[in-house]
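Structure at a glance
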Amino acid sequence: MASSTWSFQITLICIFLFMELSFAGDPFKFFNFEVSYIEASPLGVPQQVIAINGKFPGPTMNVTTNDNVVVNVRNKLDEELLLHWSGVQQKKTSWQDGLPGTNCPIPSRWNWTYQFQAKDQIGSFFYFPSLHFQRASGGFGGITINNRGEIPIPFDFPYDDITIMIGDWYTRNHTALRNTLLAGKDLGKPDGVLINGKGPYRYNDTIVPDGIDYETITVHPGKTYRIRVSNVGISTSLNFRIQNHNLLLAEAEGSYTVQQNYTSLDIHVGQSYSFLVTMNQNASSDYYIVASARFVNQSQWQRVTGVAILKYTNSKGKAHGPLPEPPQDEFDKTFSMNQARSIRWNVTASGARPNPQGSFRYGSINVTEIYVIQNLPPKMVDGKRRTTLNGISFVNPKTPIRLADQYKLKGVYKLDFPTAPLTGPPKMETSVINGTYKGFMEVIFQNNDTKVHTYHMSGYAFFVVGMDYGVWSDNSRGTYNKWDGIARTTTQVFPGAWTAILVSLDNVGIWNLRTENLDSWFLGQETYIRVVNSEPSNKTELPMPDNALFCGQLNKLQKPQVISSAKSMRGDAYNFSFMMLLLVSAIFAVFQ
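Now for a look at the structure at hand. (Residues numbered from 1 in each chain as written. Predicted model: local features only at pLDDT ≥ 70, side-chain atom pairs only at ≥ 80, totals over all residues. Heavy atoms only, no water.)

Topic: the environment of V464
As a reminder, the rule being used: Starting at the N terminus, helices and strands are each numbered in turn, a helix being any DSSP run of H or I of at least four residues and a strand any DSSP run of E of at least two. The contact definition used throughout considers only heavy atoms, calling two residues in contact when any of these lie within 4.5 Å.
If you trace the backbone, V464 turns up in strand β28 (residues 462-469). Each C-alpha atom, one on V464 and one on N481, is 8.2 Å from the other, the two residues being 17 residues apart in sequence. Among residues more than four places away in sequence, those in contact with V464 are G485, I486, R488, T491, T499, A500 and I501.

This is how it looks when you write it as structure tokens:
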């Protein structure tokens, strides 16, 4: 009997392996996300936060280049939800981007399944809820996209990976903060800075209250770790540093960098970096990990500082003494700009790259489209306090732009976003950039606000080729870095300054262009870039997913509660083989 049982098990394994080989292709990674409210006290005050699977922050999604990623999202919030995978380029499928210009929201108590491919990408990114100011209450987590095994990385393989989420934080939840903005008021100074969802270590008894839970990261002496850091906050630029340890910069949002040591690095809202940190200090005590606000009066913002602990496994005592100093340039941002300019692309590294592929060539490509995009401090528009780009405060339509295109609806949006700032009073419109497929676009962000802004473009990695103070002009191109400007998805623009980027429009879809400063984004500082392939045989975009949600003018097409998982790519084949395995396993259990 034992031999027949063993024979039956071998047969089942062979059947399953045959089925998997029959559907061979890029691997699938499956995630289940239950998004809900929990109570937490990261700054010592009980408040409502948004958790993923009961955790705040949510779990890190660890995938590999070209993996097919399937995320089933169960919305247990009391309002609509979309999850955005910031920096994941969503090749050929803006349907999965999780933004109101491309997707209808997931209703409360419903579930929906995202399915996309981490196509030709590596690097450090994060996900977050993109509606209703929800990111201010959490719902975020890291995304790590690893090289495939056959592609070398440009440094010795680290001992381990560590993900760190930093960001400013308010003890009011996102609903209260949202209502403050809608009432025409500023949010005011944040209540603190969190590190991995936790408050500051009590490094100073008079500044930090007792009883606050803080983050402790335990490491082995002599080992080198890859530390991935993302600023997931609302609007505060943060300086990140680890006491007595060098930060060897290795990667910025999907691009390997020329490796340089920093004692600290400014990480602006929405940006992600990874550092190689060698634990080469003595273990006489623990060490501070610090994230502090930039360009503010430190004495007034002492309470708005995130502090965690780096603990060696053989540590002999607690961290002590003052925190390591931040850059002393409250009124002069030149240091920070020079630091940003020093971040350069490693053009010799293997691995996934943005177009142009291979050796560096973007400096010789002819620009086909130029947009000078100017932001201003908030203004009154149609009786409401709003923010603008080029004089337009963006209004998200009730029917997403991509869905309107699919069903050829008229009047949902206008393809008239201006190439330069408008004269005259600002206006509220759904005005979209008409991008040229396979075009090469130059975008100059001109920041006329009083704070640092960071700008993000979905669907692409763009080349950051220049930044300076003053007003950009044609002569500014003489200062561009045409050789190794970093390719990334989010770039900072200092107040009273400009930043120039170049991007190859090779990805068909509807792609969001926005400030990552959540308060300004919420009030209208965004637009979309529409990239369409007009060729008759269009194989450059995946079809609308079978489980697409409907809303706005197409609301009647939505069947109540009928939300199935995405069926594109290899999902059905995999699910079929998995179900067959469960079936034959059940049969085996009966006859055992």
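Once the structure has been displayed, the description carries forward.
Quick word on the sheet that holds strand β3 (residues 61-64)
Short version of the rule: Between any two strands, pairing holds if DSSP finds at least two bridges. What counts as an axis is a line fitted to C-alpha atoms, over the stretch in contact for a helix, and the angles between N-to-C directions run from 0 to 180 degrees.
Strand order in the open sheet made by the 4 strands is β3-β8-β7-β5, with mixed pairing throughout. Either end of the sheet is taken by a strand with one partner, and the two such strands are β3 and β5 (83-86). The average undirected angle you get between the axes of adjacent strands in this sheet is 20°. Here β3 runs beside strand β8 (residues 141-146); their pairing, made up of 4 bridges, is parallel. By the bridge assignment for β8, M61 is matched with I143.

Considerations on unusual backbone geometry
Applied cut-off: Accessible area is worked out with a 1.4 Å probe on protein chains only. A residue is then buried under 20% of its type maximum, exposed over 50%, and partly exposed in between.
Of note, the bond from F56 into P57 is cis; its omega dihedral lies within 30 degrees of zero at -10°. For P57, the position within the fold is in the loop between β2 (47-52) and β3. Positive phi outside glycine occurs at F133, with the angle close to 65°. With respect to the element layout, F133 can be found in the loop between β7 (123-129) and β8. The class for F133 is buried, based on a relative accessible area of 4%.

Notes on the state of the cysteines
Inclusion rule: For this text, the term disulfide refers to a pair of cysteine sulfurs within 2.5 Å.
According to the stated counting rule, one finds 1 disulfide in the structure shown. Put simply, C104 and C551 are joined by a disulfide, and their sulfur atoms are 2.1 Å apart. Its S-S torsion of approximately -85° makes the covalent link between C104 and C551 left-handed. Pair noted here: C104 is in the loop between β5 and β6 (111-117) and C551 is in the loop between β33 (526-532) and α6 (571-591), with a separation of 447 residues, a long-range link. Taking the relative accessible area as the measure of exposure, C551 reaches 13% and is therefore buried.

What about the environment of T60?
Within the secondary structure, T60 is located in the loop between β2 and β3. With a relative accessible area of 34%, T60 lands in the partly exposed category. Sequence spacing of T60 and Y127 is 67 residues, and the spatial spacing of their C-alpha atoms is 9.1 Å. Ignoring sequence-local partners within four residues, the contact set of T60 consists of G142, I143, T144 and T163.

Some points on the pairing of strand β14 (residues 247-252)
Counting buried positions over the 6 residues of β14 gives 5, a clear majority of the element. Two strands pair when backbone bridges link them, and β14 and strand β15 (residues 255-262) are joined in this way by 5 bridges, in the antiparallel orientation. Paired with E251 across the bridge in β15 is Y256. In textbook terms, the turn of a hairpin is the stretch between consecutive antiparallel strands, and for β14 and β15 this stretch comprises 2 residues, one of which, E253, has a positive phi near 45°. Two elements, β14 and strand β17 (residues 272-278), share 4 bridges in a ladder whose sense is antiparallel. In the strand pairing of β17, E251 is matched with S274.

Scope: geometric values only; no functional claims are made or implied.
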